[in-house]
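Descriptive analysis of the structure
Single-letter residue listing:
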Amino acid sequence: MVDLIVGLQWGDEGKGKIVDLVAKNYDIVIRSQGGHNAGHTVVVNGKKYALHLLPSGVLNPNATNVIGNGVVVYPKQLIKEINSFGHDIKKKLLVSDKAHMILDHHIAIDQAREKLRGKNAIGTTGRGIGPAYADKIARVGVRMGELKNIDKLIDKLTHYYEMNKGYFDYLGVKIPSAEDLRAELQEWQDELGELIVNTTNYLWDNMDKNMLLEGAQATLLDIDHGTYPYVTSSNTIASGALTGSGIAPKNLNKVIGIAKAYTTRVGNGPFPTEDFGEAGDKIREQGGEYGTTTGRPRRCGWFDVVAARYAVTLNGCDEVAIMKLDVLDGFDKVKVCVGYEIDGKKIDYFPSELDEVKPVYVELDGWNGSARVTKWEDLPENAQKYIEFIEENIDTKIKYVSTGAERNATVIR
Ligand code: GDP
Ligand code: IMO
Ligand code: MG
């Protein structure tokens, strides 16, 4: 049985928290796309863990964690994360031999290109994600399994560096010396070699077990269906998780969509419900809305039902988790976007170009008291009404309402 957790907005919905919460029910937790651009925060017994490449199942003693073929792996980051948890976690970690590697020059290209774009910058995390996926699609990338034969890999990379010399010089991107390259690749093979396997076969061999696919980034950052070009470079939606793991569609049992009770975005690009006033600032402060990966302040605004419905449909969500409801404590009124206006015309669908739309809001009453509870009946009445309003409008069961960062601060309906 395979279930999937996927973000419904622009990332940072709280996927890590829900993966950690439910991980005890699963034998295998799998990351299938993205790389260390992700930042999944998990809080257990007051201790905060920030995971970038490791699946959020690592905080659970039982689950085996898999980094699937669709992930782009920066080996240095993976080694760093493994070391921060202790080498014991290697016993329950596997990395796909088909996963592509992020090398230092990918990171340098990402950052140089962002600089050259100036005001049109995407606002990437600067982690080399786009350039690594570009090489994969151009069929000039290198895969984790290639660390097995370092001589051959060095030949391949030397040729690649030569072919790209003009472009690298233009961007000011340095390439490593042959000795440095060899030393680095050897270190990665020594540290990670035992973990690198054919994870496709591993997953197929374990199809009788319970598996959880952990999405990174989110629907509106999807390379095809997101707000292009202000997106990430992978398919972040449910179907991307299947490609990125080798699991066939018919094995998918349940899709759980994760959304915040409001909306945030890091990086540039359209965001119709962004609030530039006091409300936006209040959400940022109450929600601690600063990036897990880059520390950037997140742009904040209201819940967008049109975008959520689009995301629920794209992913085929069976149920939804609404996160961080507690952050909306103390607002007199809470707004929800229920439609867009484009050239004076009202639309109720998510358009291919989001730039020009104006949000149409309904205003609901806020609540007195706090949503920091763990039972539905203890939620303030207006908080319940807020959740029910969203549920009706996205036409999908809201199964979880998260009311705090801790594992147990969750209402399960
Ligand atoms: P992810 O990338 O989707 O895993 O989300 P992030 O970890 O980047 O961002 C979510 C942040 O909100 C993290 O700091 C979590 O600890 C925190 N968080 C998650 N759920 C809740 C909640 O219900 N209430 C509050 N106040 N914080 C939460
Ligand atoms: P998690 O998994 C939020 C955003 C970047 C930028 C765009 C492209 O924690 O939800 P990239 O470095 O991927 O080329 O940047 O995507 N972005 C995220 N925003 N959460 C993330 O991951 C993100 N990963 C990438 O800010 O706008
Ligand atoms: Mg995050």
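Residues numbered from 1 in each chain as written. Chains lettered and ligands numbered in written order. Predicted model: local features only at pLDDT ≥ 70, side-chain atom pairs only at ≥ 80, totals over all residues. Heavy atoms only, no water.

1. A look at helix α5 (residues 150-163)
Because an α-helix completes one turn every 3.6 residues, residues spaced three or four positions apart along the sequence face the same direction. What counts here: Only runs of H or I of at least four residues qualify as helices and only runs of E of at least two qualify as strands under DSSP, and these elements are numbered from the N terminus. In a helix, the anticipated span is given by 1.5 Å times the number of residues less one. Using a 1.4 Å probe on the protein chains alone, a residue whose accessible area is under 20% of its type maximum counts as buried, one over 50% counts as exposed, and one in between counts as partly exposed. The directions considered for the arc run from the helix axis to the C-beta atoms. Residues count as neighbours in contact if any of their non-hydrogen atoms are within 4.5 Å of one another.
An ideal rise of 1.5 Å per residue puts 20 Å on 14 residues; α5 measures up with 20 Å between its terminal C-alpha atoms. Of all the residues in α5, the buried ones are I150, L153, I154, L157, Y160 and Y161. The buried residues of α5 all sit within an arc of 125° when viewed along its axis, so they share a single face. Facing away from the buried side of α5 by more than 90 degrees, the exposed set consists of K152, D155, E162 and M163. The inward-facing, buried residues of α5 contact β8 (100-101), α3 (104-117), α4 (129-137), α6 (165-171) and α7 (178-192).

2. Let's talk about the sheet that holds strand β19 (residues 397-402)
For clarity, the threshold we go by: At least two DSSP bridges between two strands are needed for those strands to be called paired. Every axis in this analysis is a line fitted to C-alpha atoms, fitted for helices over the stretch in contact. Angles between the N-to-C directions lie between 0 and 180 degrees.
Read from one edge of the open sheet, 10 strands run β9-β7-β5-β2-β10-β1-β11-β15-β19-β20, paired in mixed fashion. Only two strands of the sheet have a single partner each, and these edge strands are β9 (196-197) and β20 (410-412). When strand β1 (residues 2-7) meets strand β11 (residues 252-260), the two strands line up parallel, connected through six bridges. Its bridge partner being in β11, V6 is matched across the sheet by G257. Seen against the sheet, helix α12 (residues 381-394) touches β15 (319-323) and β19 and runs at an angle of roughly 145° to β19.

3. Some remarks on the site of ligand 1
Selection criterion: Whether a residue is near a molecule or strand is decided by its heavy atoms; if any one of them lies within 4 Å of it, the residue is near. Nitrogen and oxygen atoms within 3.5 Å of one another constitute a polar contact, given that in protein one can donate a hydrogen and the other can accept it, and given that sequence-neighbouring residues count only through two side-chain atoms. Using the Shrake-Rupley algorithm and a 1.4 Å probe, accessible areas are obtained, with residue cover drawn only from the displayed protein chains. Residues were grouped as follows: Ala, Val, Leu, Ile, Met, Phe, Trp, Tyr, Cys and Pro as nonpolar; Asp, Glu, Lys and Arg as charged; and all remaining residues, including Gly, as polar.
Close to ligand 1 lie 21 residues; K15, G39, T41, D326 and S402 are nearest. Contact between ligand 1 and G14: an oxygen atom at 2.8 Å from a main-chain N or O atom of the residue. The separation between an oxygen atom of ligand 1 and a polar main-chain atom of G39 is 2.8 Å. If ligand 1 stood free it would expose 590 Å²; the protein chains cover 93% of that surface. For the shell around ligand 1, the secondary-structure elements that each account for two or more residues are α1 (15-22) and β3 (40-44). Tallied by class, residues from the shell around ligand 1 come to four nonpolar, nine polar and eight charged.

4. Thoughts on the environment of D318
Note on placement: D318 falls in the loop between α11 (305-315) and β15. The partly exposed category is assigned to D318, whose relative accessible area is 42%. Separated by 79 residues in sequence, D318 and K397 have C-alpha atoms that sit 7.2 Å apart. Once residues lying within four places of it in the same chain are set aside, the contact partners of D318 are N253, K254, V255, T396 and K397. A polar atom in the side chain of D318 sits 2.8 Å from the backbone nitrogen of V255.

5. Examining the domain arrangement of the chain
Definition in use: Domain boundaries shown here were taken from an automatic or database domain assignment. Simply put, the buried area is the total loss of 1.4 Å probe accessible area from both parts when two parts are fitted together. We define a salt bridge as a side-chain nitrogen of Lys or Arg found within 4 Å of a carboxyl oxygen belonging to Asp or Glu.
Taken domain by domain, the chain holds domain 1 (2-74 + 202-412) and domain 2 (100-194). Between domain 1 and domain 2, the C-alpha centre-to-centre distance is 30 Å. Residue-level contacts link 22 residues of domain 1 with 19 residues of domain 2. Taken together, the two surfaces of domain 1 and domain 2 that pack against each other cover about 1600 Å², and 56% of this comes from carbon and sulfur. For the interface between domain 1 and domain 2, the tally reads zero salt bridges. Residue classes in the side of domain 1 that touches domain 2 are distributed as seven nonpolar, 14 polar and one charged.

6. Looking at the nonpolar core
Going by this rule: Only buried residues count toward a nonpolar core, which is a set of Ala, Val, Leu, Ile, Met, Phe, Trp, Tyr and Cys residues joined through side-chain atoms within 4.5 Å.
Counting 52 residues, the largest nonpolar core has F303, I322, L325, L328 and Y386 as its most contacted members. The greatest single-element share of this core, amounting to five residues, is contributed by α12. In this structure, L325 is in contact with A261, W367, A371, L379, A383, Y386, I387, V401 and S402, ignoring residues within four places of it in sequence. Counting 39 residues, the second largest nonpolar core, distinct from the first, contains L53, V73, I89 and L181.

7. What to know about the coordination of the magnesium ion (ligand 3)
Cut-off, in case you're wondering: For Na, K and Ca the donor cut-off is 3.2 Å, and for all other metals it is 2.8 Å, counting N, O and S atoms only; because water is absent from this set, sites may look incomplete.
Taken together, D12 (OD) and G39 (O) make up the protein donors of the magnesium ion (ligand 3), found 2.0 to 2.1 Å from the metal. Of the two residues, D12 sits in the loop between β1 and α1 while G39 sits in the loop between β2 (28-31) and β3, which places them 27 residues apart along the sequence. When its relative accessible area of 21% is taken as the criterion, D12 is described as partly exposed. Take G39: its relative accessible area is 11%, and that puts it in the buried class.

8. Let's talk about the environment of A121
Structurally, the position occupied by A121 is in the loop between α3 and α4. Residue classification places A121 among the buried residues on the basis of a relative accessible area of 12%. When the C-alpha atoms of A121 and M101 are compared, they prove to be 24 Å apart, with 20 residues separating the residues in sequence. Apart from residues lying up to four places away in sequence, A121 is in contact with E114, Y230 and N268.

9. Remarks on the state of the cysteines
Here, disulfide denotes a covalent bond that connects the sulfur atoms of two cysteines. Definition in use: Whenever a pair of cysteine sulfur atoms sits within 2.5 Å, that pair is classed as a disulfide.
All told, the structure shown has zero disulfides when counted by the stated rule. Unpaired in this structure, C317 has its nearest cysteine sulfur neighbour in C337, at a distance of 18 Å.

10. Here's the deal with a negative patch on the surface
To keep it simple, the criterion reads: Residues forming no salt bridge and having over 30% relative accessible area are the ones grouped into patches, like charges within 9 Å of each other and nonpolar side chains (Val, Leu, Ile, Met, Phe, Trp, Tyr) within 5 Å. His is not counted, nor are the chain ends, whereas Lys and Arg count as positive and Asp and Glu as negative. For the purpose of locating charges, the reference atoms are NZ of Lys, CZ of Arg, CG of Asp and CD of Glu.
Residues D343, E353, D355 and E356 make up a contiguous surface patch of negative charge. Mapped onto the elements of the fold, D343 is located in the loop between β16 (333-342) and β17 (345-347).

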